[in-house]
Amino acid sequence: MRSIGIFDSGLGGLTVVREFMRQLPKEDLIYLGDTAHLPYGTKSASTITRFTLNNILFLLRQKVKFIVVACNTASSLSLDTIRGYFQIPIIGVIQPGVKEAISLTKTGCIGVIGTPATIKSKAYECQIKKIDPSIRVISKACPLFVPLVEEGWVNHPETITIAKTYLRSLVDSNRRMDVLILGCTHYPLLKSVIKKVLGGAIRLVDSAQQVVREANSILQNEGLINNNRKAKGSYRFYVTDDPAEFTRQAARLLGFRLSHVRKVNNV
Ligand code: DGL
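Residues numbered from 1 in each chain as written. Predicted model: local features only at pLDDT ≥ 70, side-chain atom pairs only at ≥ 80, totals over all residues. Heavy atoms only, no water.

Enquirer: What am I meant to see in the overall build of the protein chain here?
Expert: Check the secondary structure of the protein chain and you find twelve helices and ten strands. Relative to a compact globule of 267 residues, whose C-alpha radius of gyration would be 18 Å, the protein chain shows 18 Å and is just as compact. Dimensions of the protein chain along its principal axes, counting C-alpha atoms only, are 50 × 40 × 40 Å. If you take every contact in the protein chain between residues at least 6 apart in sequence, the share linking residues at least 24 apart comes to 76%. Surface exposure of the protein chain reaches about 11900 Å², of which carbon and sulfur atoms provide 50%. (Helix = DSSP H or I, 4+ residues; strand = E, 2+ residues; numbered from the N terminus. Rg over C-alpha atoms; globule rule 2.2 N^0.38 Å. Contact = heavy atoms within 4.5 Å. Areas by Shrake-Rupley, 256 points an atom, 1.4 Å probe, with all protein chains shown as cover.)

Rendered as structure tokens:
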């Protein structure tokens, strides 16, 4: 009956929470948004690893049974290092998105967008090439997307202009990209803008669905799934900075208002 722990730097990981609520409604969830340290995507690997470790230790103090690193930046830069330190199952968001993208591409050319740290790490490229070395991967860092999402500017004309500037290099017709991985958990919130810029022919991969499928199978295999209870799960939300703005934006994203987002100081 223990909870699943999920964390991100801010709002982005709520795209994964939303999917857990949909696919595994009987599970209790504890979410941590490390808003005091947002954005992760412009920071160094050692700093991100320190934040990641602290977030995991916080979730372990809440006695979670399973942890999801719902942040591509932390998954890219820190997951391999820290996973070995803990007994509890921990998954990230890279692998599930990679598998989905490979299964969808017909042209053999996959695009990846993410934070500067994720793109610089080449985590997506390495994972894709490990499975299929013949696939061409083209990547683009989109550093302004995270602040735009955190600000709630998902449909502003300025956001479309910025998206056009970032995505132009990816749609060069010679490159034949037919699948684009949204390699940051904030980016699904910009899906409609990205679709508007790219047109309907390019498939967008939002790894949240695949992440929860993978979580489901691990929970089943480890005998950790909440199968027998009738009631819906309960949800607890924590942030490391002022909860007011997070609470406001989370309501827009989840479709209901969070009654109590707690601020934690010891992360
Ligand atoms: N949402 C996170 C990601 O998936 C990080 C955004 C940030 O803090 O820069 O990469």
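The rest of the description comes next.
Enquirer: Teacher, can you tell me more about helix H1 (residues 14-23) here?
Expert: Helical geometry note: an α-helix holds 3.6 residues per turn, so side chains three or four residues apart project in the same direction. Counting buried positions along H1 gives seven out of ten residues, so the element sits mostly inside the fold. If you check which residues of H1 are buried, you get Leu14, Thr15, Val16, Val17, Glu19, Phe20 and Met21. The secondary structure elements touched by the buried residues of H1 are strand E1 (4-8), strand E2 (29-33), strand E3 (66-69), helix H11 (208-221), strand E9 (235-239) and helix H12 (243-254). (Buried < 20%, exposed > 50% of the residue type's maximum accessible area, 1.4 Å probe, protein only.)

Enquirer: Would you explain the sheet that holds strand E7 (residues 179-183) in this entry?
Expert: In a beta sheet, neighbouring strands are held together by backbone hydrogen bonds and run either parallel or antiparallel to one another. Ordered by their spatial adjacency, four strands build an open sheet running E6-E5-E7-E8, and the pairing between neighbours is parallel. At either end of the open sheet lies a strand with only one pairing partner, and these are strand E6 (136-141) and strand E8 (203-205). Here the average twist between neighbouring strands, direction ignored, is 25°. Across six bridges, strand E5 (residues 109-114) lies against E6 in parallel orientation. Paired with isoleucine 110 across the bridge in E6 is valine 137. (Pairing = 2+ DSSP bridges. Axes fitted to C-alpha atoms, helices over the stretch in contact; angles between N-to-C directions.)

Enquirer: What exactly am I supposed to notice about the nonpolar core here?
Expert: Core analysis: the biggest nonpolar cluster contains 57 residues, and Leu14, Phe20, Val68, Ile113, Phe145, Leu180 and Ile194 have the highest contact counts within it. Look past the residues within four positions of leucine 14 in its chain and what remains in contact with it is Tyr31, Phe237, Phe246, Ala250, Leu253 and Leu254. Ranked by size, the runner-up nonpolar core spans 23 residues in total, among them Ile56, Ala74, Ile88 and Ile90. (Core = buried A, V, L, I, M, F, W, Y, C linked by side-chain atoms within 4.5 Å.)

Enquirer: Looking at this model, I keep getting lost on the site of the ligand. Mind explaining?
Expert: Taken together, 14 residues lie near the ligand, and Ser9, Tyr40, Asn72, Thr73 and His186 sit nearest. Relative to its free-state accessible area of 300 Å², the ligand is covered by the protein chains to the extent of 99%. Along the lines of polarity and charge, the residues of the shell around the ligand split into six nonpolar, seven polar and one charged. (Near = heavy atom within 4 Å. Nonpolar A, V, L, I, M, F, W, Y, C, P; charged D, E, K, R; others polar.)

Enquirer: What is the right way to read the pairing of E7 from this model?
Expert: One face of the sheet, then the other: side chains in a regular strand alternate in exactly this way. Counting buried positions over the five residues of E7 gives five, a clear majority of the element. Here E7 shows two buried faces, one formed by Val179, Ile181 and Gly183 and the other by Leu180 and Leu182. Here E5 pairs with E7 via five bridges, running parallel. Of the residues in E7, the one forming a bridge with glycine 114 is glycine 183. Looking at chain direction, E7 and E8 are connected through three bridges and run parallel. Its bridge partner lying in E8, valine 179 is registered against arginine 203. In the classification by handedness, the crossover that spans E7, the intervening helix H10 (residues 191-198) and the parallel E8 is right-handed. (Right-handed = clockwise from strand over helix to strand, strands pointing away.)

Enquirer: So what exactly am I meant to see when it comes to unusual backbone geometry here?
Expert: In most cases, non-glycine residues show a negative phi, while peptide bonds are predominantly trans. Residue proline 39 follows leucine 38 across a cis peptide bond; omega there is -5°. Within the element layout of this structure, proline 39 appears in the loop between E2 and helix H2 (45-61). Backbone geometry places lysine 63, a non-glycine residue, at a positive phi of 65°. Locating lysine 63 in the fold gives a position in the loop between H2 and E3.

Enquirer: What should I look at first to understand the pattern of salt bridges in this one?
Expert: Note on pairing: side chains with opposite charge can pair once their charged atoms come close. Inspection of every chain in the model, using the stated rule, returns five salt bridges. Lysine 65 is paired through a salt bridge with glutamate 27; the nearest N and O atoms lie 2.7 Å apart. Of this pair, lysine 65 sits in the loop between H2 and E3 while glutamate 27 is found in the loop between H1 and E2, placing the two residues 38 residues apart along the sequence. Residue lysine 65 is classed as buried on the basis of its relative accessible area of 3%. Under the relative-accessibility criterion, glutamate 27 is labelled buried at 2%. Between aspartate 206 and lysine 191 there is a salt bridge; the shortest N-O distance is 3.4 Å. Taken as a pair, aspartate 206 in the loop between E8 and H11 and lysine 191 in helix H10 lie far apart in primary sequence, 15 residues in all. Under the relative-accessibility criterion, aspartate 206 is labelled buried at 17%. (Salt bridge = Lys/Arg side-chain N within 4 Å of Asp/Glu carboxyl O.)

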